[in-house]
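Examination of the molecular architecture
For reference, the chains in residue letters:
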Amino acid sequence: MLEAERQRIDQIDQEIVALFEARMETVLQVAQYKLDHDLPVLDASREHLVIEKVRGKLNNPELAPYLTELYQTMMAQSRAYQSQWLDHQK
Ligand SMILES: O=C(O)C(=O)C[C@]1(C(=O)O)C=C[C@@H](O)C=C1
């Protein structure tokens with residue numbers, strides 16, 4: 001029983017990692033645009049919109065606070081990755 005659930009979690013994690021990599025690759029394309037147009041990495045209004053959108057996609061509203069925290073963390077990591085990449089373009 002536990003073994004089966006953990007196997008399922010491992011499969012889900014594999015999908016999450018692939019999607020995380022795809023998201024972070026796309027974020028670098030955003031960073032390139034920001035570099036070209038002299039825009040700051042942080043766009044607080046966009047972050048609020050992203051969180052609103054993903055919360056709206058939930059089937060289980062109990063998960064909303066957990067999803068919000070996950071996205072706040074993920075976008076903070078996205079900003080850190082963009083900033084590090086931008087530092088290397090100088
Ligand atoms: O959409 C952007 O402008 C991004 O840089 C992407 C992203 C995100 O990871 O979703 C990251 C930083 C911004 O503050 C807003 C959103």
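Residues numbered from 1 in each chain as written. Predicted model: local features only at pLDDT ≥ 70, side-chain atom pairs only at ≥ 80, totals over all residues. Heavy atoms only, no water.

Observations concerning the side chain of S78
Relative to the helices and strands, S78 resides in helix α3 (residues 64–89). For S78, a relative accessible area of 5% translates into the label buried. (Helix = DSSP H or I, 4+ residues; strand = E, 2+ residues; numbered from the N terminus. Buried < 20%, exposed > 50% of the residue type's maximum accessible area, 1.4 Å probe, protein only.)

Some points on the nonpolar core
One finds V50, I51, V54, L67, Y71, M74 and M75 forming the largest nonpolar core, which totals 7 residues. Taken together, the elements giving at least two residues each to this core come down to α2 (44–57) and α3. Take this core: its biggest share by element is 4 residues, from α3. Excluding its chain neighbours within four sequence positions, the residues that come into contact with L67 are V54, R55 and L58. (Core = buried A, V, L, I, M, F, W, Y, C linked by side-chain atoms within 4.5 Å. Contact = heavy atoms within 4.5 Å.)

Let's talk about the site of the ligand
As a structural note, the neighbourhood of the ligand is formed by 13 residues, with R23, K34, D43, E47 and S78 the closest of them. A distance of 2.8 Å separates an oxygen atom of the ligand from a polar side-chain atom of R23. Between the ligand and K34, the relevant distance is 2.7 Å, taken from an oxygen atom to a side-chain nitrogen or oxygen of the residue. When the ligand sits alone it has 360 Å² of accessible area, and the protein chains cover 91% of it. (Near = heavy atom within 4 Å. Polar contact = N/O pair within 3.5 Å; in protein donor to acceptor, adjacent residues only side chain to side chain. Areas by Shrake-Rupley, 256 points an atom, 1.4 Å probe, with all protein chains shown as cover.)

Overview of α3
Over its 26 residues, α3 runs 37 Å from end to end, which matches the ideal 38 Å to within 8%, given 1.5 Å per residue. In the core, the buried residues of α3 are packed alongside α1 (2–36) and α2. (Expected span 1.5 Å × (residues − 1).)

Quick word on the UniProt feature "domain: Chorismate mutase" (unreviewed entry) in the chain
Taken from the UniProt record, the annotation "domain: Chorismate mutase" (unreviewed entry) applies to residues 1–86. Helix makes up 84% of residues 1–86 and strand 0%. Its end C-alpha atoms lie 47 Å apart. (UniProt positions renumbered as here; feature names shortened; annotations may be inferred.)

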